[in-house]
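Commentary on secondary and tertiary structure
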Amino acid sequence: MKRFRRHGQESQRDRLKQDLYQFNKTVEHGFPHQPSALGYSPSLQLLAIGTRSGAIKLYGAPGVEFMGLHDENAVVTRVHFLPFQLELVTLLDDNSLHMWTLRAHKGVSELLEIGRFTLTGPPGAPPSVTRVTSVLAHSSGELLLLGTEGGHVFVVEVPGFRELEERNISLDQVANSVPEDYIGRRNLEHVETLQENPVDPNQVVIGYGRGLMVVWDLEKHQAVQHIPATQQLESTWWTEDGGHILSSHSDGSYCRWTVGGQSSKDEEEKSDIPYGHFPCKAISKIVQLPTEEGPPFLLFSGGMPRASYGDRHCISVIHGKTHVALDFTSRIIDYFVIRDGPLHTGDPGALVVLVEEELVVIDLQTEGWPVIQTPYLVPLHSSAITCSHHVSAIPLKLWERLLAAGQLQITHYSPKPWPITGGQNLGQDPPQRDLLLTGHEDGTVRFWDASGVCLYPMYKLSTAGVFHTDADPNDNMNQCSEGEWPPFRKVGCFDPYSDDPRLGVQKIHLCKYSGYLTVAGTAGQILVLELNDEAAEQTVEAKIVDLLQGQEGFRWKGHTRLDVREEPVLFPPGFQPFALVQCQPPAVVTALTLHSEWKMVAFGTSHGFGLYDYQQKNSVLVKCTLNPSDQLAMEGPLSRVKSIKKSLRQSFRRIRRSRVSLRKHHVTNAAKLQEANARLEAELAEMELAPVQRKIEARSSEDSFTGLVRTLYFADTFLSDSSHNSASLWAGTNGGSVFAYMIRMPSVEHRADEPITAHPAKEIQLMHRAPVVAIVVLDGHGSPLPEPLEVAHDLARSPDMQASHQLLVVSEEQFKIFTLPKVSAKMKLKLTALDGSRVRRVGVAWFGSSRTADAGESGLVVLTNQGDLNVVSLPSVKMQVQHPCIRREDVSGIASCVFTKHGQGFYLISPSEFERFSLSARNVVEPRSLVEVPANATAASKRRAAPDGASADNGNARRDDADTEVLQEIQKSLEGEPTLS
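Here the structure is a predicted model, which is why all the values come from computation and not from measurement.

Some remarks on the overall build of the protein chain
Helix and strand counts for the protein chain come out as 10 helices and 63 strands. Of all 981 residues assigned to the protein chain, the portion counted as buried reaches 57%. Across the protein chain, contacts joining residues at least 24 apart in sequence account for 60% of those joining residues at least 6 apart. Accessible area for the protein chain stands at about 41,600 Å²; split by element, carbon and sulfur atoms hold 48% of it.

Focus on the sheet that holds strand β40 (residues 542-546)
Read across the sheet, five strands follow the order β36-β37-β38-β43-β40 without closing on themselves; strand pairing throughout is mixed. Of all strands in the sheet, those bounded by a partner on one side alone are β36 (505-510) and β40. Shown here is a sheet whose adjacent strand axes are inclined to one another by a mean of 20°, direction ignored. Judged from the five bridges that link them, strand β37 (residues 516-521) and strand β38 (residues 525-532) form a sheet pairing that is antiparallel. Residue pairing in the sheet places Leu517 in a bridge with Leu529 of β38.

Here we look at the environment of Pro370
The residue Pro370 is located in the loop between β27 (358-363) and β28 (371-372) in this model. Residues Pro370 and Ala350 lie 20 residues apart in sequence; the distance between their C-alpha atoms is 10.0 Å. Once residues within four sequence positions are removed from consideration, Pro370 is found in contact with Val361, Ile362, Asp363, His412, Tyr413, Ser414 and Arg489.

Things to note about the pattern of salt bridges
This structure, assessed with the given rule, holds 23 salt bridges. Between Lys285 and Asp334 there is a salt bridge, with the nearest N and O atoms lying 2.9 Å from each other. You can see Lys285 sitting in strand β21 (residues 283-289) and its partner Asp334 sitting in strand β25 (residues 332-339), a full 49 residues away along the chain. Across the pair Glu567 and Arg565 runs a salt bridge, and its minimum N-O distance is 3.5 Å. Judged by its relative accessible area of 26%, Arg565 is partly exposed. Overlapping salt bridges, with partners in common, bring together Asp71, Glu72, Glu113 and Arg116 in one network.

Observations regarding the UniProt feature "repeat: WD" (unreviewed entry) in the protein chain
Following the UniProt record, the feature "repeat: WD" (unreviewed entry) maps to residues 431-449 here. Annotation note: span residues 431-449, helix share 0%, strand share 63%, distance between end C-alpha atoms 13 Å.

Some points on helix α5 (residues 396-407)
With 12 residues, α5 ought to run about 16 Å at 1.5 Å a step, and its terminal C-alpha atoms sit 16 Å apart, in line with that. What α5 keeps buried is the set Leu398, Trp399, Leu402, Ala405 and Gly406. Along the long axis of α5, the arc covered by the buried residues comes to 130°, so they all point the same way. Taken together, the buried residues of α5 touch β31 (435-440), β32 (444-449), β33 (456-462), β38 and β43 (574-584).

A word on the packing of aromatic side chains
Each aromatic ring pair is characterised by the separation of its centres together with the angle its planes make. Inspection of the entire model under this criterion finds 23 aromatic pairs. On the basis of an interplanar angle of 80° and a centroid distance of 6.2 Å, the ring pair of Phe906 and Phe914 is categorised as edge-to-face. As far as the burial class goes, Phe906 and Phe914 line up, both buried. Grouped by ring-pair contacts, the aromatic residues Phe23, Phe899, Tyr907 and Phe917 constitute a single cluster. When the ring centre of Tyr335 is taken as origin, the NZ or CZ atom of Lys285, which lies over that ring, is 4.8 Å away. Lying over the aromatic face of Phe488, Arg312 brings its terminal NZ or CZ to 4.1 Å of the ring centre.

Looking at unusual backbone geometry
Each neighbour pair has its own omega, and for Leu820 with Pro821 the value is 10°, a cis peptide bond. In this chain, Leu874 is followed by Pro875 through a cis amide linkage whose omega measures 0°. You can see Pro875 is positioned in the loop between β58 (868-873) and β59 (879-884). One non-glycine residue, Leu789, lies in the positive phi region at around 70°. Mapping Leu789 onto the fold places it in the loop between β52 (772-778) and β53 (806-811). Assessed through its relative accessible area of 17%, Leu789 is described here as buried.

Rules of the game
In this convention, every chain numbers its residues from 1, walking through the sequence in written order. pLDDT decides what is reported in this predicted model: residues at 70 or higher carry local features, side-chain atom pairs at 80 or more are listed and counted, and totals for whole chains, interfaces and linings draw on all residues regardless. Water and hydrogen atoms were dropped before computing side-chain values, which therefore reflect all heavy atoms in the structure. By the criteria applied, helices consist of DSSP H or I runs no shorter than four residues and strands consist of E runs no shorter than two, each listed in order from the N terminus. Note on classification: 1.4 Å probe, protein chains only; a residue is buried when its accessible area is under 20% of the maximum for its type, exposed when over 50%, partly exposed between these limits. We call two residues contacting when some pair of their heavy atoms lies within 4.5 Å. For accessible areas, the Shrake-Rupley method is used with a probe of radius 1.4 Å. Any residue's cover is judged against the shown protein chains and nothing else. A strand pair is defined by DSSP finding two or more bridges across the two strands. Here, axes are lines fitted to C-alpha atoms. For helices the fit covers the stretch in contact, and angles between N-to-C directions go from 0 to 180 degrees. By definition here, a salt bridge exists when the distance from a side-chain nitrogen of Lys or Arg to a carboxyl oxygen of Asp or Glu is within 4 Å. UniProt positions are given in the numbering used here, feature names are shortened, and annotations may be inferred rather than shown by experiment. Given the number of residues in a helix, its expected span is that number minus one, multiplied by 1.5 Å. The directions considered for the arc are those from the helix axis to the C-beta atoms. Any two rings among Phe, Tyr and Trp, with Trp reduced to its six-membered ring, count as a pair given centres within 6.5 Å; such a pair is stacked if its planes are under 30 degrees apart, edge-to-face if over 60, and tilted if neither. Here, a charge over a ring means that NZ of Lys or CZ of Arg falls within 6 Å of the ring centre while also lying within 35 degrees of the ring normal.

Below is the structure:
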C-alpha cells in the first residue's frame, strides 16, 4: 500500500513539475554576430541577414522575427528573396544553395528549409566552372540565374532546384559573340554581376570581371549588345526606364552606358571618378533611383582616395547639389533602398545599410537625411558589455519617467516611423514591464525594454561626466566641416574605444520603488544616483573608504583612482549622481547591493567590504578581508576579476581595431595598442585560473583572492535571539567565509541626524572553503524575504516573523541551510563533484503554475560552470529539474548570465547578442508572427504557403500538385510563351 501511495505522490509531483517548469530558448536579442549577407523583399517587407556561422535571420515589423540555421557550418554569402513569394534562397561559401520558406503552422509562420542544391559541371571540369559568384532571382519568381567563376551562367528552376541545361549561357557562346578586337586583348574572367532589365524581363546584363558587359536575351538565347568597359568591373545597375546601365569599377570610377545603341565605343568618355584624380578604392556597388520631381538619387559604396581615406567605410549619396559621404563605424556588408508607395515604386524613402557591427537606416526624405532609430538589431556592444542587471515588474510611474528622459536623448533621430513593416506580430502584450540594464566599458549604463520580443533602447546613463577622463579632444575630427572634401558625415553608434578603461561599469543595482540606482566601476568607484525629471547642476564629493584598515606591508600596484571633478557638473534629466564612494585601493568592485528603505549601500572588492549611509553620506562599516599571503589582490590588473570575462577572441579583435586606427593617430593609438596588449596578457593569466579548472578537494586558506567579496545581502532577521529581529548585512567571500553584522537603525524621526552603527554578530567558515556565491534568508514559512519597499507597495506579503528564520548559504559546491539565530547546520544539497560542477550564477525566482493562476512556488535558479541550468526547491533544497543550456567552453556566456524574478534569463552568445531562455511554464517570451502570401504571388507559391491542415488533401499530394504546377509553368516558358513578363 505504501508503494502505491509513494508512486501516486511521485506522479503528482511530476505533474506539478510540468505545470511549473519548462525549458525553452526563446529569442535572440541584439545584433547578429559577424553578419555576411543582406537581403530584402519589397513585396513582403522583410529584411534578411545571413551570418558567418550559417545563421539566417528575418525581420519585419517590430516583434516579427524568424531564425534558421544551416546544417553546414559555412558562411552565408548571398540572400535573395524570390519576388512576390514566401521563399528565399541562400548561397553558402561551400557553393551550396538552400531554399527556405515561411510556412504557416497552427496560425503562425515558421522558417523552414525545403531544399538544397549544388551545381555539378561536366566530368573532369575544374571546380571554378560551377563555383557561383553571382545570383539573380528572376522577377518571374520561377528562375534563378547563377553566374560562376568559370564565366558560365546556369539557369535553375525554383523552388525545385532543377537545372535547365538548354537555357544555360556558356562562356563560349558569349565569347563567340564578342567583337574580336576586344576578346583578343583579354579573357572575360568570372561573372561579377547579373542584372535584369526593369522594363523587359527577357533581358539581363551579364557583367564579367575584366569589364565586359553583355546584354543577353533569355527568350532568343542570344547577345543583344556588348559594352566593352576597360576597367575591372565591380557592379552594375540598370536604370528604371531601361535606357541606361551604370557600371562601377575597381579604380573608383563609374560609367553610364546607353542600352540599345549601335556602338558603345565612345561611351567610355562618360566615366566619372567622384573623388578626384589620385588613386581611389573600388566602388563596390552603385544604385540610381528616380524621383517623381527633381533629379535622381545616386548612391555608391567605396571610391575613396586610397592614400588619404582608404580606411573609411563610406556610402556616398548624391541628390542634385546635395552630396554626402556617409562614414560608417565598421565595414559595409551591403545596402538597399526602400521606396515609398503601395507598390514600392515611388521616391526613395530610406537607405538601409548593414555594416559589420550595426544596422543603420537613413531617412532620405527628411531634410538633413537623419538616422531612423531601430526598434531591434540595436548594437548592444556599441561599447563592450561588462555586466547586466534585470528588474521585473517596473511600476508605471518609473517607466514613464525613464521614457521621458530617454526621449530627450533621441531628438536628433528622424520622426519617420520604422520603414520595415512586414508580417503580423501575433504575440500578446507583455503582462508586465521589465528592464534589462547593461553596464559598459565606457562607463555607460543602458536601459532596455525587455518586456517583449524586441529589446528596445529606452535610456542611456553616462557616469563619465563625474570624472576627469583621458578623452581625446579631437574625437569629433571626423565630422563634416564646411567646405570639406570628401563631405564626410559620421553615422552609427558603434564605438568600441573607451576614453578610460577605469570607467568600466562592473555592478548595477536599481530599486524600482524608490528610483535609487547604484553603479560601481573598475577603479573602486561607487555612485549613488536618483531619478530627476529636470536638469540639475551639482558637485559630487567623494567619500574615501580605506578597505585595508591601515594594514602594513601591502602596496597597491594597480591603476590609480579616477579624478573627481571639483567644479559643479550639469546633469541632464534622468539619473543624477548625488553621492560617491571611492574604495582604496581602487580595485574592481566585485559585489554591490542597495537597501533603499534603509538608505544604505553595501559594496565589496578583493580587499574587503563596506557599508555606506547615503542619506547622511557617512561610512558606517569597513571590514578588511584580505589574506596576508594574498599578494595577487594587490596587483590589480584591470581585467583579472571583472564580472564579465572577455573572451580571447574579443581581445584580439580589439587589438586588431587598434592597429587599423594606428594609421590615423600614430601617437594616441600607440598607447591604446600597448594598453590592449597589457589587457590581453592579464586576460591570458585569468584564463589560466579559469574556474572550470578548479580542484575538487578542499581549498587552502592561502589560495589567491580568498578575501575577494563575492556576495552581499541585506536582511531583517534574528541574529541575537529568536525574539528580537534587527537589520543585518551579510557578506560572503571567495575563501568560504560568511560575515554577519547587526545594524542599529535610529528611529524614523531621528534617521537624518542620528548615526547608524554596525556590529559584528556572526562568522561562518565553510569546511571546504569553497567560494560563497549567494546568501538568502528564509522567513518562518520558508520563503525568501521580500525586496526592500516591496511590502510597503502591497506587492508582497509581509514576511513571517513568528517562526524561526533560516539562512541559506550557496557556495560553488553546495547549498546549505542553517537555523537562525544559532547558525547550526540543518540540511544541505551537494552539487556533484565528479564532473567538476561548480555553481556560477544563482537567482531566486517565482514559478507560477501554467494551469492555476494563483498557484506556484519559489525556487533557486542555478547555472553551473558546465552550462547546466538547475532549479532547487525552497526551503527543502531538493533538485527539481536540470537542463543543458550553455556550452561549458563558453566561459564568457556563463559569466554573463542574469536571471529574472519569474524564471527567465539572458546570457551573451556573442559580444553583440543575448540569448533569452525560460525555465517557467507560465512566463515565456517568444516571437509569434504570421507572414502572408503577397496578393500578386503565383498560385503555386500560395499553395506552398498554405497552413498545415488547411486542406483535406494529403500533405504529399498537396506538394506534388504544387510541383506539377511549377513544372507546367516552366514548360510554358520553355515553349516560348511570355510567362516571364
